[in-house]
Amino acid sequence: MSELMPNLSEYVDVGGPAQSLLVLDGVEKRFPIKGKLFSREKKFVHAVNGVSFSVKKGETLGVVGESGCGKSTLAKLIASLLTPDRGSLIFDGQGIDELRGISLKNLRKNLQMVFQDSYASLNPRLTILETIAYGPQVHGMSKEDAGALGRQLLSRVGLEPNQYAACYPKELSGGQRQRVNIARSLAFNPRLMILDEAVAALDKSVQAQVLNLLQDLKAERDLTYIFISHDLQVVHYISDRVMVMYLGEVVEFGPVDQIFEKTAHPYTKALFSATPSLDPDKRTEKPPLQGDLPSPIDLPEGCHFRDRCPHAWEACAVKPSLMRLVDSGDHWVACHLYHDKCPEGAGHP
């Protein structure tokens, strides 16, 4: 039988160079919705359902999945912008807890987030230099030192301080604003950066420039990235490992080359087959998936993907699928098709 994924919280190796910088174990998040008047039944949107994974120091973890799969909610849970309903988060061997672990103040110095909308992320009333220097000043740095740091970081992200320091966000292009957001994040000298669709709003040439900048900064500062994107080509380029999400759950996880070359989960195969191709002989002629996406309010029993899966069998309707090791190395998949008792054989399709 395939090896099942262990309880990650038991495998936190504190202090070692190969230590997991971030560990999530059974994290869940639900959002209540308003019901009918006088109705006693409470309903919830199940945004994140029992997610467990780890991020190694110095790696880039790519997170992919269609819209509504819980990627951005997961990012906000990691950044403590939302509080999980259940499960644990461990950052560098410490629980994210004001009383018994790392404080939120220290967490947010070590963990920064870059959002998709570069303009909405910036204060329109502050100059670019004031934007970058504001955070360090709040944490006790003098105005002069914070200003000098801001100018240094502007130069590092490719923006000439003498030209851009006094500009306001509306005077910059989307790519320039995203460079400012990256510089602002670096002002805290973080160890982990969450990039939530950070290059999605940029054209391809600017995307390439920002991605190369991120790669250079990662090597210089020994950064760790969680890179959330719907662009599979970008994820393939920048990631070391990839995590695929569907309806708030992790369905596949592993090294980037194995995920792209030896795709295991039927949903991942459908997701990848939907990528547009410039080759006329490789263009998709029919939808890779049939059926509608289940409601995140009323999730089906068993595997949540079973009604859309062409390979579903009886076990898929009975119980949720567990993460199993399906290949050499660190390639995991949550699918009943990789159970030894699958009628089409373990490892199908």
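Right, let's walk through the structure included here. None of these values were measured; they are calculated from a predicted model.

Below, the discussion takes up the overall build of the protein. Of the regular secondary structure elements, the protein holds ten helices and twelve strands. Residues classed as buried in the protein amount to 48% of the 349 residues present. Counting only contacts in the protein whose residues sit at least 6 apart along the sequence, the fraction spanning at least 24 positions is 65%. Total accessible area on the protein is roughly 17800 Å²; 49% of this is exposed by carbon and sulfur atoms.

With that settled, the discussion passes to the packing of aromatic side chains. Taken as a whole and assessed by the stated rule, the structure comprises five aromatic pairs. A ring pair is formed by F53 and F253, whose centres lie 6.5 Å apart and whose planes are at 35°; its orientation type is tilted. Note that F53 is positioned in strand β2 (residues 43-56) and F253 in strand β10 (residues 249-255), a separation of 200 residues in sequence. Between Y267 and F305 the ring centres are 5.6 Å apart and the planes differ by 70°, which places this aromatic pair in the edge-to-face class. Within this pair, whereas Y267 is found in helix α10 (residues 266-273), its partner F305 is found in the loop between α10 and β11 (323-325), the two being separated by 38 residues in sequence.

The buried fraction of helix α1 (residues 71-78) is high, at six of eight residues. For α1, the full list of buried residues reads K71, T73, L74, A75, L77 and I78.

Sheet analysis places strand β1 (residues 20-33) next to strand β4 (residues 86-91), joined by five bridges and oriented antiparallel. Bridge pairing in β4 links V23 to I90. Sheet topology note: the β4/strand β5 (residues 94-95) ladder contains two bridges and is antiparallel. Of the residues in β5, the one forming a bridge with F91 is Q94. Joining the antiparallel neighbours β4 and β5 is a turn of two residues, in which D92 adopts a positive phi near 50°.

By the element assignment, R241 lies in strand β9 (residues 241-246). A distance of 2.9 Å separates a polar side-chain atom of R241 from the backbone oxygen of S54. Side chain to side chain, R241 and D330 meet in a polar contact 2.7 Å long. In this structure, R241 is in contact with S54, V55, K56, E59, T60, L61, G62, F253, G254, P255, V256 and D330, ignoring residues within four places of it in sequence.

Here we come to the packing of helix α3 (residues 128-138) against helix α4 (residues 143-156). Direction vectors running N to C along α3 and α4 enclose 125°, while the axes themselves pass 8 Å from each other. In terms of axis orientation, α3 runs oblique to α4. Our pair here, α3 against α4, has a crossing hand that is right-handed. Touching I128, L129, I132, A133, P136 and Q137 of α3 are K143, A146, G147, L149, G150, R151, L153 and L154, all from α4. Here the contact of α3 with α4 is composed, by residue class, of nine nonpolar, three polar and two charged.

Okay, empty space enclosed by the protein next. Empty space among the atoms becomes apparent when a probe as large as a water molecule is rolled across them. On inspection of all chains with the given rule, the structure shows two cavities of 30 Å³ or more. Size it by volume and the largest cavity reaches roughly 60 Å³. A per-class count over the lining of the largest cavity returns seven nonpolar, three polar and one charged. Approximately 30 Å³ is the volume attributed to the second largest cavity. In terms of lining, the second largest cavity is formed by F53, V63, K71, L74, A75, I78, I226 and I228.

Reading guide: rules and limits
Every chain is numbered independently, its residues counted from 1 as its sequence is written. Residues qualify for local features only when their pLDDT is at least 70, as the model is predicted, and side-chain atom pairs are given and counted only at 80 or more; totals for whole chains, interfaces and linings, by contrast, use all residues. Water and hydrogen atoms play no part in the side-chain values, which are based on all heavy atoms of the structure. Secondary structure elements follow DSSP: runs of H or I of four or more residues count as helices, runs of E of two or more count as strands, with numbering from the N terminus. Categorising residues by exposure relies on relative accessible area from a 1.4 Å probe, with only protein chains included: less than 20% of the type maximum marks a residue as buried, more than 50% marks it as exposed, and the intermediate range marks it as partly exposed. Any two residues whose heavy atoms approach within 4.5 Å at even a single point are treated as in contact. All accessible areas in this document rest on Shrake-Rupley with a 1.4 Å probe, and a residue is counted as covered only by the protein chains that are shown. Any Phe, Tyr or Trp ring, taking Trp's six-membered ring, that has another such ring centre within 6.5 Å forms a pair; planes under 30 degrees apart are called stacked, those over 60 apart edge-to-face, and the others tilted. Two strands qualify as a pair provided DSSP detects at least 2 bridges between them. Pairs of N or O atoms are called polar contacts if they sit within 3.5 Å, as long as, within protein, a hydrogen donor faces a hydrogen acceptor (for residues adjacent in sequence, only side-chain-to-side-chain pairs). Each axis is a line fitted through C-alpha atoms, and for a helix only the stretch in contact is used; angles between axes span 0 to 180 degrees, taken between their N-to-C directions. Throughout this description, any angle smaller than 35 degrees is read as roughly parallel, any larger than 145 degrees as roughly antiparallel, any in the 65 to 115 degree range as roughly perpendicular, and the remainder as oblique. The hand of a helix crossing depends on one turn: near helix anticlockwise from the far one by less than a right angle means left-handed, and clockwise means right-handed. Amino acids outside the nonpolar list (Ala, Val, Leu, Ile, Met, Phe, Trp, Tyr, Cys, Pro) and the charged list (Asp, Glu, Lys, Arg) are all regarded as polar, and Gly is one of them. Method remark: on a 1 Å grid restricted to protein atoms, a set of points is classed as a cavity if a 1.4 Å probe fits but cannot get out and as a pocket if it is open with protein on both sides within 12 Å along at least five of seven lines; lining residues have an atom within 4 Å of a point. Grid points are joined across faces, edges and corners, and a volume is the space filled by probe spheres set on the points.

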